[in-house]
Amino acid sequence: MTRFRCWLAMLLAMLHGAVGEPSNIQHVVYATDGSECISLVASLRSLISNTASPERLAVHVFHTNYSRSFRQCMQCNKLPVSPLPMAGSVVIHDIELESLRDSIRVQKAQTQRLTALATYARLFIPKMLSSLTNLSMYIDCDTIVQGDVVELLDNWQWQGDVVLAGNRYSTVGKELTPALQEIGRERYNVQQYDDAAESFNTGVLILNHPTWLAHNVTEEVLWLMSQHSQRKVPLWKLGVQPPLQLVAYNRSQTLPAEWNFSNLGKPSAKEFTRELLAKQKLLHWAGSFNKPWSDDPNFFRLWARHLVAEGSRPCHCLFEDPRSKGARLRRYLEKLTASN
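This write-up is about the structure you can find in this document. (Residues numbered from 1 in each chain as written. Predicted model: local features only at pLDDT ≥ 70, side-chain atom pairs only at ≥ 80, totals over all residues. Heavy atoms only, no water.)

## What about the state of the cysteines?
Point 1. In the structure shown here, the tally under the stated rule is 3 disulfides.
Point 2. A disulfide bridge connects Cys 37 with Cys 73, and the sulfur atoms are separated by 2.3 Å. The disulfide joining Cys 37 to Cys 73 has a torsion of about -85° about its S-S bond and is therefore left-handed. With Cys 37 in helix 2 (residues 37–49) and Cys 73 in helix 3 (residues 68–76), the pair connects residues that are 36 residues apart, well separated along the chain.
Point 3. For Cys 73, a relative accessible area of 4% corresponds to the buried category.
Point 4. Disulfide pairing is shown between Cys 76 and Cys 315; the S-S distance is 1.8 Å. Disulfide Cys 76-Cys 315: torsion about the S-S bond near 115°, hence right-handed. With Cys 76 in helix 3 and Cys 315 in the loop between helix 12 (300–304) and helix 13 (316–320), this pair connects stretches of sequence that are 239 residues apart.
Point 5. Residue classification places Cys 315 among the buried residues on the basis of a relative accessible area of 5%.
Point 6. Considering cysteine sulfurs only, Cys 37 is the nearest to Cys 141, which forms no disulfide, with 9.7 Å between them.
Point 7. Accessibility expressed as a relative area gives 4% for Cys 141, which makes it buried. (Disulfide = S-S within 2.5 Å. Helix = DSSP H or I, 4+ residues; strand = E, 2+ residues; numbered from the N terminus. Buried < 20%, exposed > 50% of the residue type's maximum accessible area, 1.4 Å probe, protein only.)

## Remarks on the packing of helix 2 against helix 3
Packed helix pairs are characterised by how far apart their axes lie and by the angle those axes make with each other.
Point 1. With their axes 11 Å apart at the nearest point, helix 2 and helix 3 run at an angle of 35° to one another. Between helix 2 and helix 3 lies a crossing of right-handed hand. In contact with Cys 37, Leu 40, Val 41 and Leu 44 of helix 2, helix 3 contributes Phe 70, Cys 73 and Met 74. (Axes fitted to C-alpha atoms, helices over the stretch in contact; angles between N-to-C directions. Left-handed = near helix turned anticlockwise from the far one by under 90°. Contact = heavy atoms within 4.5 Å.)

## Description of the packing of aromatic side chains
Point 1. The final tally for this structure, using the stated rule, is 6 aromatic pairs.
Point 2. Ring geometry for Phe 300 against Tyr 332: centres 5.5 Å apart, planes inclined by 85°, an arrangement best described as edge-to-face. Note that Phe 300 is positioned in helix 12 and Tyr 332 in helix 14 (residues 327–339), a separation of 32 residues in sequence.
Point 3. Here Phe 300 falls in the buried class, since its relative accessible area comes to 3%.
Point 4. Put simply, the rings of Trp 293, Phe 300, Trp 303 and Tyr 332 touch in pairs and so form one group of aromatic residues.
Point 5. Its guanidinium or amino end placed over the ring of Trp 223, Arg 187 lies 3.7 Å from that ring's centre, counting from NZ or CZ. (Phe/Tyr/Trp six-rings, centres within 6.5 Å; stacked < 30°, edge-to-face > 60°. Lys NZ or Arg CZ within 6 Å of the ring centre and 35° of its normal.)

This is how it looks when you write it as structure tokens:
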């Protein structure tokens, strides 16, 4: 029912001209279960403020846990929330993914966050937005955008029959277990996998909707997830990345490295210089330990300056967010409150 309401809203938007000319509007998607209000607000502010033509930007938030308070938090933070997918606005889509829960299985304790249903919402973007656009960009919430996404997507060109573009960061051999590669040989007729080839990070993706749908990427990943959950020995350790890596093998292209400068959430990131970070288009706090809202954040001020609109008091919902418990973030919000 929630997916039907999402499609209906898009149809009404098109009938009323709300989204503008499809060739003129660029679409960006986030996904959350509502517990990532702080990180989402910061990323959204950075995205909008660094776009030269924000009136040409349509932002979609796929929300997997319906909550009126989440909508109120977005509005309280003075973000341009709209009930319809309009250019220059943020629209929240409530999507029902509870049926996937039995297929979600991760092995490592520190990756339990990858069991969140919002992690898998990116699989449905081409299906949900294909009536609006042939191209969209997915961005994780633990990011800050420093470049112009509209300009990036305006000039994007696909190289052949590919379904997505992602930043190269690991190797196929680390992502695809022998059992996954065997499935690939049998199901996708890939006779030989290059273990040394670079794999892509699924935290920031450009999606090619027509080829994604033509190759049934969503259905194939869901099938792999069902196999993974049923086997005595799991097919992989982490979340959505390994199955998507398998399905998109030989059907992906490289996203420029500056558009997903990742691993800022790891201890090793402390070695990065501010000069290096300033050159990047998108900063990604991938990693489990040094998120900006943690007790030991990496590059806190670089992230926090996007959290609250200049001259404004922090919205009360930011204090209520579970992620606001980090001591440095708490002090920062209290200081802003006292000074405004």
